[in-house]
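Structural description and commentary
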Amino acid sequence: MRPSHRGNGPHRPEPDAGLDYRGLLGHNAPPLVYAAATYPDALSPEECQQIIAHIDSQDLRRGRLAGGLKAPLIRSVASEWLDEHQIPWLTERIVKYVARANSSNFPFDLLGFDEGFQVLKYSGDALSGPDFYDWHIDMGHSGASQSRKLSVLIQLSKPDTYQGGALEVNFDGTAIPLGTAQGTLCVIPSFTLHRVCPVTAGRRYSLATWVHGPTFK
Ligand SMILES: O=C(O)CCC(=O)C(=O)O
Ligand SMILES: [Fe+2]
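Residues numbered from 1 in each chain as written. Chains lettered and ligands numbered in written order. Predicted model: local features only at pLDDT ≥ 70, side-chain atom pairs only at ≥ 80, totals over all residues. Heavy atoms only, no water.

The following threshold applies: UniProt positions are given in the numbering used here, feature names are shortened, and annotations may be inferred rather than shown by experiment.
The protein chain appears in an unreviewed UniProt entry as Oxidoreductase from Paremcibacter congregatus. As stated in UniProt under Cofactor (unreviewed entry), the record for the protein chain gives "L-ascorbate".

Structure representation (structure tokens):
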């Protein structure tokens, strides 16, 4: 069971129900950095299919960790950087939700997207074994990953097209699954522990991008 209240702070809504948390913040309430901002219909099914078709037209590479490290025991996925000109509406859409999330949850100083969009394909092939991304944070030790402040994660697949593959966050010791509906966009601080459970059948497509800014202080 997942608790609807955690810690002693303000009420934290269920991640799946989270749209606009502003009304829940008291005047001096601390920012809700230990909650995901989740927007279930950020992309339509047609828009998700457009991105999936684009991913399937690409030669994908094996994914690495934040900072470029190869670690097949922690991350197994096929990935590629998206040429955003091929999905011209996407940047504006993501910016809209990041702005909403940052004003409601995470009043972080942000400067922009320094890395572009990464598309991800997790396959549940019996032969090569399930793809997954074990517990990790997105802030890395080198390059642009050092200044990641918000992680934006989009579910592109319909949940009934794969098995396993839950995207989970861990704020306080409890693994909390985020929404799986096709087109769901989640925003979490890049220091949040999260994982993608092994995809045991089918294919799970997702998109990840990061918003950068000055070092936390
Ligand atoms: O596939 C996902 O939904 C999340 C991917 C992720 O955590 C990452 O690429 O850093
Ligand atoms: Fe991640």
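**Quick notes on helix α1 (residues 45-56)**
Inclusion rule: Numbering of helices and strands runs from the N terminus; a helix is a DSSP stretch of H or I covering at least four residues, while a strand is a stretch of E covering at least two. Helix span, as expected, comes to 1.5 Å for every residue beyond the first. Burial status follows relative accessibility: with a 1.4 Å probe on protein chains alone, a residue under 20% of its type maximum counts as buried, one over 50% as exposed, and anything between as partly exposed. What the arc describes is the spread of directions from the helix axis to the C-beta atoms. The contact definition used throughout considers only heavy atoms, calling two residues in contact when any of these lie within 4.5 Å.
Taking 1.5 Å per residue, twelve residues should reach 16 Å; α1 reaches 16 Å between its end C-alpha atoms and fits that length. Turning to α1, its buried residues are E47, C48, I51, I52, H54 and I55. The buried residues of α1 occupy an angular sector of 160° when the element is viewed end-on, so they sit on one face. Summarising the contacts, the buried residues of α1 are in contact with α2 (90-104), β5 (118-125), β7 (148-155) and β12 (193-212).

**Overview of the coordination of the iron ion (ligand 2)**
We apply this condition: Listed donor atoms are N, O and S within 2.8 Å of the metal (Na, K and Ca: 3.2 Å). As water is not included, a site may look incomplete.
Taken together, H136 (NE2), D138 (OD) and H194 (NE2) make up the protein donors of the iron ion (ligand 2), found 2.1 to 2.2 Å from the metal. Within one chain, the residues donating to the iron ion (ligand 2) are spaced in sequence as H-x1-D-x55-H. Of this pair, H136 sits in strand β6 (residues 129-136) while H194 sits in strand β12; the two residues are 58 residues apart in sequence, bridging distant segments of the chain. Owing to a relative accessible area of 9%, H136 belongs among the buried residues under this scheme. Accessibility expressed as a relative area gives 3% for H194, which makes it buried.

**Points about the UniProt feature "domain: Fe2OG dioxygenase" (unreviewed entry) in the protein chain**
Within this structure's numbering, the places UniProt gives as "domain: Fe2OG dioxygenase" (unreviewed entry) are residues 112-213. Secondary structure within residues 112-213 divides into 0% helix and 58% strand; the distance between the first and last C-alpha atoms comes to 7 Å.

**Comments concerning the environment of G140**
Mapped onto the fold, G140 is located in the loop between β6 and β7. Filtering out sequence-adjacent residues up to four positions away, G140 remains in contact with A66, S145 and Q146.

**Concerning the site of ligand 1**
Convention followed: Residue proximity to a molecule or strand is established when one non-hydrogen atom of the residue lies within 4 Å of it. In the analysis that follows, any N or O atom pair within 3.5 Å is treated as a polar contact, provided that within protein one partner can donate a hydrogen and the other can accept it, and provided that, for residues neighboring in sequence, both atoms belong to side chains. Accessibility throughout is a Shrake-Rupley quantity obtained with a 1.4 Å probe, and a residue counts as covered only by protein chains that appear here. Any residue outside Ala, Val, Leu, Ile, Met, Phe, Trp, Tyr, Cys, Pro, Asp, Glu, Lys and Arg is labelled polar, Gly included; the first ten of those are nonpolar and the last four are charged.
As a matter of local geometry, ligand 1 sits amid 13 residues, with Y122, D138, H194, R204 and S206 nearest to it. Here H136 contributes a side-chain N or O atom positioned 3.2 Å from an oxygen atom of ligand 1. A distance of 3.0 Å separates an oxygen atom of ligand 1 from a polar side-chain atom of D138. For ligand 1, whose accessible area on its own is 300 Å², the fraction buried by protein is 99%. Listed by contribution, the elements that provide at least two residues to the shell around ligand 1 are β5, β6 and β12. For the shell around ligand 1, the element with the most residues is β12, which contributes five residues. For the shell around ligand 1, the per-class residue count stands at seven nonpolar, three polar and three charged.

**Details of the side chain of E47**
The residue E47 is located in helix α1 in this model. Residue E47 is classed as buried on the basis of its relative accessible area of 18%. Ignoring sequence-local partners within four residues, the contact set of E47 consists of A42, W89 and R93.

**Re a nonpolar patch on the surface**
What counts here: In this analysis, a patch consists of residues with relative accessible area above 30% that form no salt bridge, clustered at 9 Å for like charges and at 5 Å for the nonpolar side chains Val, Leu, Ile, Met, Phe, Trp and Tyr. Each reported salt bridge corresponds to a side-chain nitrogen of Lys or Arg within 4 Å of a carboxyl oxygen of Asp or Glu.
Among the surface-exposed residues, Y34, I137, F191, L193 and F216 lie close enough to one another that they form a single nonpolar patch of about 400 Å² accessible area. Within the fold, F191 resides in the loop between β11 (185-189) and β12.

**Quick look at the packing of aromatic side chains**
Aromatic ring pairs are defined here through the distance separating the ring centres and the angle between the ring planes. Defined as follows: Two aromatic rings, drawn from Phe, Tyr or Trp (for Trp, its six-membered ring), form a pair once their centres lie within 6.5 Å of each other, and the interplanar angle then sorts them: stacked below 30 degrees, edge-to-face above 60, tilted otherwise. A ring has a charge above it when a Lys NZ or an Arg CZ is no more than 6 Å from the ring centre and no more than 35 degrees off the ring normal.
This structure, assessed with the given rule, holds eight aromatic pairs. Each ring, one from W81 and one from W210, has its centre 6.2 Å from the other, and the planes form 65°; the classification is edge-to-face. Residue W81 is found in strand β4 (residues 78-81), and its partner W210 is found in strand β12; the two are separated by 129 residues along the sequence. A residue is classified by how much of its surface remains accessible, and W210, at 5% relative accessible area, is buried. In textbook terms, an aromatic cluster arises when at least three aromatic residues are bridged by ring pairs, as seen for F106, F108, F191 and F216. Over the ring of F216 we find K149, and its NZ or CZ is 4.6 Å from the ring centre.

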